Amino acid sequence: MTKFSDLNLSPKVLKAVEEAGYETPTPIQEGAIPHALDGKDVLGIAQTGTGKTASFTLPMICKLARGRARARMPRSLVLCPTRELAAQVAENFDTYSKYVKLTKALLIGGVSFKEQDQLIDKGVDVLIATPGRLLDHFERGKLLLTGIEIMVVDEADRMLDMGFIPDIERIFSLTPFTRQTLFFSATMAPEIERITNTFLSAPARIEVARQATASETIEQGAVVFKPSRKDREGSEKRKVLRALIDAEGEACTNAIIFCNRKVDVDVVAKSLKKYGYNASPIHGDLDQSQRTKTLDGFRNGDVRLLIASDVAARGLDIPAVSHVFNFDVPSHAEDYVHRIGRTGRAGRSGKAFTICTPRDEKYFEAVEKLLQKEIPRLDNPVAEAPAPAPVEAREDTPKDDTRKSSRSRRSDSDKGDSRPSRSKDSGRSSDRRSGGGRDKTVVGMGDHMPEFIALSFEERRAS
Ligand code: AMP
């Protein structure tokens, strides 16, 4: 078996790797490091959790240890799709360059321009950035990319999803033709293929097994259920989620709960908190200090349940997650693999549960097709799914009651368990998103105001 000591890394880097507790390189490291050290371009097809970060940081540190940075001309550049990922890459550099003198700067949103400008002015060996922020600095004339010797693109497929490809192309064109490029992507979409064909020169291609095939330590299950009514789908799903968490008891030391939409991330987090769970949301609309605080809390165990969107969670390195809950089935089957890959890392066991309603079924089929296996169906842990109230009975209810807004009525269906009761307006936020709800029993317009009502008369008159 190959060891790190067989890879030609410098003794100082080797020492730092040993101290981090790693002896054996992962397949992407074993495949990429020797080529990167040789100065070749590398195309790594690997996703997060495979050890890909060290597969570029280690050779970069060895190579950059020789030579010195010049003012405003960074010697290497690592592009990441999200701030969190960039911060994580920066941490990796800190860990492995412990015994090597290297300077680095992090250009991400939420970090002040001034501080970073000062660092860049002095000259940095490694610049780690998100594409937008890098171009902001460049356009302000604070930065030259003509000294880049090594350029890394990390999680290119996510960059594609986030619309960063034009920025990446521009950045490539601002760096010297002679640079070495290390390019990582979990998948090879045609657009990614095009970029690699254009900007990489005879790359060594290293493809490592998808996590889908390596996730045998993850126990998976799905609760397939039909909400009693369309407008109760949200609250009933939250109830199923609580029951799933409760059923796991202490075995669920911490969990990430994934939602497809940002608005649901907030709704689910608020609802869980209301029911007494230790939960916090993370998504792209939160400011940087809040995201960092939440993540730190989750890493050190102060936060037990992290409710996340796919983008926010992508690339986050949280080693010991006991459970993943999919509040929704992701619409891209690949995301399912990413999500459940948050648990069961490095040979640990983990559990991943998915809530699936009829509208998710086609996505669920796509997931099973991708995994090439059936995900076991679980019984609905909510002992008795609330039965739909007969329409006649509702129509007979006293006037006062029928005037109750659809919001408050919907929130009632959350009340079916023994958790602490909620404050008066508690249903509001958690039900903002509830689906269609256009059945006979919804009185008034509920959340669904026809668009024309919102139009200004002034505007109409003018037009
Ligand atoms: P990454 O794919 O870079 O996000 O890395 C995933 C996790 O694997 C991180 O927690 C790394 O610290 C860890 N890791 C990196 N290299 C190794 C290795 N050779 N052996 C075991 N774990 C590793």
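Definitions and limits used
- Residues numbered from 1 in each chain as written.
- Predicted model: local features only at pLDDT ≥ 70, side-chain atom pairs only at ≥ 80, totals over all residues.
- Heavy atoms only, no water.
- Near = heavy atom within 4 Å.
- Polar contact = N/O pair within 3.5 Å; in protein donor to acceptor, adjacent residues only side chain to side chain.
- Areas by Shrake-Rupley, 256 points an atom, 1.4 Å probe, with all protein chains shown as cover.
- Nonpolar A, V, L, I, M, F, W, Y, C, P; charged D, E, K, R; others polar.
- Phe/Tyr/Trp six-rings, centres within 6.5 Å; stacked < 30°, edge-to-face > 60°.
- Helix = DSSP H or I, 4+ residues; strand = E, 2+ residues; numbered from the N terminus.
- Buried < 20%, exposed > 50% of the residue type's maximum accessible area, 1.4 Å probe, protein only.
- Lys NZ or Arg CZ within 6 Å of the ring centre and 35° of its normal.
- Arc of directions from axis to C-beta.
- Axes fitted to C-alpha atoms, helices over the stretch in contact; angles between N-to-C directions.
- Parallel < 35°, antiparallel > 145°, perpendicular 65-115°, else oblique.
- Left-handed = near helix turned anticlockwise from the far one by under 90°.
- Contact = heavy atoms within 4.5 Å.

Asks: Teacher, can you tell me more about the site of the ligand here?
Replies: The full set close to the ligand counts 13 residues, and Tyr22, Gln29, Gly49, Gly51 and Thr53 are the nearest of them. Tyr22 is positioned such that a nitrogen or oxygen atom in its side chain is 2.5 Å from an oxygen atom of the ligand. In this structure, an oxygen atom belonging to the ligand sits 2.5 Å away from a side-chain N or O atom of Thr53. Coverage of the ligand by the protein chains reaches 79% of its 490 Å² of free accessible surface. When its residues are assigned to classes, the shell around the ligand shows three nonpolar, eight polar and two charged.

Asks: Help me out: how do you make sense of the packing of aromatic side chains in this one?
Replies: Between two aromatic rings, the relevant description is the distance of the centres plus the angle of the planes. A full pass over the atoms with the stated rule returns three aromatic pairs. Both rings, one in Phe56 and one in Phe184, keep their centres 5.4 Å apart while their planes meet at 45 degrees; by these two values the pair is tilted. Separated by 128 residues along the polypeptide, Phe56 in helix α3 (residues 52-64) and Phe184 in strand β6 (residues 180-185) bring together distant segments of the chain. Neither Phe56 nor Phe184 differs from the other in exposure class; each is buried. In this structure, Arg242 is placed above the aromatic ring of Tyr275, and the distance from its NZ or CZ to the ring centre is 3.6 Å.

Asks: Got a minute to help me understand helix α16 (residues 361-371) in this structure?
Replies: Taken residue by residue, α16 has Phe364, Val367, Glu368 and Leu371 as its buried positions. Take α16 and look down its axis: the buried residues cluster within an arc of 95 degrees, on one side only. Those residues of α16 that are exposed and aimed more than 90 degrees away from the buried face are Lys362, Glu365 and Lys369. Looking one or two places after α16, you find Gln372, whose phi comes out positive at around 55 degrees.

Asks: Is there a simple way to think about the packing of helix α5 (residues 113-122) against helix α6 (residues 131-139) in this case?
Replies: When two helices pack together, their arrangement is given by the angle between their axes and by how far apart the axes lie. Put simply, α5 and α6 touch, their axes get as near as 12 Å, and they point 70 degrees apart. Between α5 and α6, the interaxial angle falls into the category roughly perpendicular. When the axes of α5 and α6 are compared, the crossing they make is right-handed. Contacts between α5 and α6 involve Phe113, Gln116, Asp117 and Ile120 from the former and Arg133, Asp136 and His137 from the latter. Looking at side-chain class alone, the contact of α5 with α6 contains two nonpolar, two polar and three charged residues.

Asks: I'm lost on the packing of helix α8 (residues 165-174) against helix α9 (residues 190-199) in this one. Help?
Replies: The N-to-C vectors of α8 and α9 enclose an angle of 5 degrees; their axes lie 12 Å apart at closest approach. Regarding the angle of α8 to α9, the classification is roughly parallel. Residue-level inspection shows Ile165, Glu169 and Phe172 of α8 in contact with α9, the latter providing Glu191, Arg194, Ile195 and Phe199. For the contact of α8 with α9, the class distribution of residues is four nonpolar, no polar and three charged.

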